[in-house]
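A closer look at the structure
Spelled out, the chains give:
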Amino acid sequence: MTRADSRTILGIDPGLANTGWGVIEQVGSRLSCCAYGCISTPSHMELSQRLAKIHEQIGAVARRFEPACVGIETVWFGQNVTAAFDTGQARGAALVACAEHGLSVGEFSPRQIKLAVVGEGTADKSQVQYMVRQILRLDHLPHPDHAADALAAAICYVTHGPTC
């Protein structure tokens with residue numbers, strides 16, 4: 001296949017304490033993992049500095065891998081509204097970094113991502129990790145689970161995202 005038949009996709013699992021990221025390459029129908037990781041910010045750090053770190057490091061990933069698009073998880077409003085607001089702020093910092101790099105964005109709920117990767121919208125973290133490993137043919141489970149969730153968001157973009 002030619003380079004024109006391939007694309008690089010960034011996946012993001014936003015969180016204030018831990019923002020997972022994962023980069024995959026799609027060549028035709030074949031997916032492979034380029035890299036993944038987690039941006040951690042300690043709770044004692046000032047909020048603005050935590051958000052700046054997320055923004056800067058997502059920007060660094062975008063510069064390094066030059067993805068064409070990004071799949072990002074939406075905020076899930078469960079019982080803890082404070083955590084949802086924190087996640088939303090982290091998500092915003094990551095989205096600004098993506099916008100600065102001109103990335104096409106696909107936004108997916110946790111349920112959509114689990115359906116795309118596992119086939120079950122209520123799958124647990126271990127099931128997502130296992131299927132990400134299988135889909136990307138990794139020799140180990142991606143760790144931490146935030147990075148696995150980010151890879152899953154990138155995989156979901158392949159099947160549910162706009163063309164980039």
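We now turn to the structure provided with this report. Note that the structure is predicted; figures quoted are calculated from it, not measured.

**Comments concerning the environment of Gly-102**
Mapped onto the elements of the fold, Gly-102 is located in the loop between helix 2 (81-100) and strand 5 (104-108). For Gly-102, a relative accessible area of 60% puts it in the exposed group. Between the C-alpha atom of Gly-102 and that of Gln-57, which follows or precedes it by 45 residues, the distance is 16 Å.

**Observations concerning the nonpolar core**
Side chains of a nonpolar character, in soluble globular proteins, are inclined to be buried together. Ranked by internal contacts, the top residues of the largest apolar core, which has 20 residues, are Leu-10, Ile-12, Trp-21, Ile-54, Ile-58 and Cys-98. Breaking this core down by element, the ones donating at least two residues are strand 1 (6-13), strand 2 (18-27), strand 3 (30-40), helix 1 (47-65), strand 4 (69-73) and helix 2. The residues contacting Ile-12, other than those within four sequence positions of it, are Thr-19, Gly-20, Ile-58, Val-70, Gly-71, Ile-72, Glu-73, Ala-94, Cys-98, Ala-150 and Ala-153. Within the second largest apolar cluster, 18 residues are counted, among which are Leu-31, Cys-69, Phe-108 and Cys-156.

**Things to note about the state of the cysteines**
In the structure shown here, the tally under the stated rule is 0 disulfides. A disulfide-free cysteine, Cys-33 has its sulfur positioned 6.7 Å from the sulfur of Cys-34, the nearest such atom.

**Focus on the sheet that holds strand 1**
The 5 strands lie next to each other as 3-2-1-4-5, forming an open sheet whose pairing is mixed. The open sheet has two free edges, formed respectively by strand 3 and strand 5, since each of these has just one partner strand. Between one strand and the next, the sheet's axes are offset by a mean angle of 20°, whatever the strand orientation. Direction of pairing for strand 1 relative to strand 2: antiparallel, over a ladder of 8 bridges. Bridge pairing links Ser-6 to Val-27 in strand 2. Running at roughly 40° to strand 2, helix 5 (residues 145-160) makes contact with strand 1, strand 2, strand 3, strand 4 and strand 5 of the sheet.

**Digging into the pattern of salt bridges**
Taken as a whole and judged by the stated rule, the model has 2 salt bridges. For the salt bridge of Glu-107 with Arg-91, the shortest nitrogen-to-oxygen distance reads 2.2 Å. With a gap of 16 residues between them, Glu-107 in strand 5 and Arg-91 in helix 2 connect regions that are remote in the sequence. For Arg-91, a relative accessible area of 11% corresponds to the buried category. Put simply, Lys-125 and Asp-149 hold a salt bridge, and the shortest N to O gap is 2.4 Å. On the criterion of sequence distance, the pair formed by Lys-125 in helix 4 (residues 125-136) and Asp-149 in helix 5 is long-range, its members being 24 residues apart. On the accessibility criterion, Lys-125 (39% relative accessible area) is partly exposed.

**Quick notes on helix 2**
Helix length check: helix 2, at 20 residues, gives a terminal C-alpha distance of 29 Å against a target of 28 Å (1.5 Å per residue), a fit within 8%. Looking at the buried side of helix 2, the elements it contacts are strand 1, strand 2, helix 1, strand 4 and strand 5. Of the residues trailing helix 2, Gly-102 is marked for its positive phi of about 70°.

About the criteria used
- Residues numbered from 1 in each chain as written.
- Predicted model: local features only at pLDDT ≥ 70, side-chain atom pairs only at ≥ 80, totals over all residues.
- Heavy atoms only, no water.
- Helix = DSSP H or I, 4+ residues; strand = E, 2+ residues; numbered from the N terminus.
- Buried < 20%, exposed > 50% of the residue type's maximum accessible area, 1.4 Å probe, protein only.
- Core = buried A, V, L, I, M, F, W, Y, C linked by side-chain atoms within 4.5 Å.
- Contact = heavy atoms within 4.5 Å.
- Disulfide = S-S within 2.5 Å.
- Pairing = 2+ DSSP bridges.
- Axes fitted to C-alpha atoms, helices over the stretch in contact; angles between N-to-C directions.
- Salt bridge = Lys/Arg side-chain N within 4 Å of Asp/Glu carboxyl O.
- Expected span 1.5 Å × (residues − 1).

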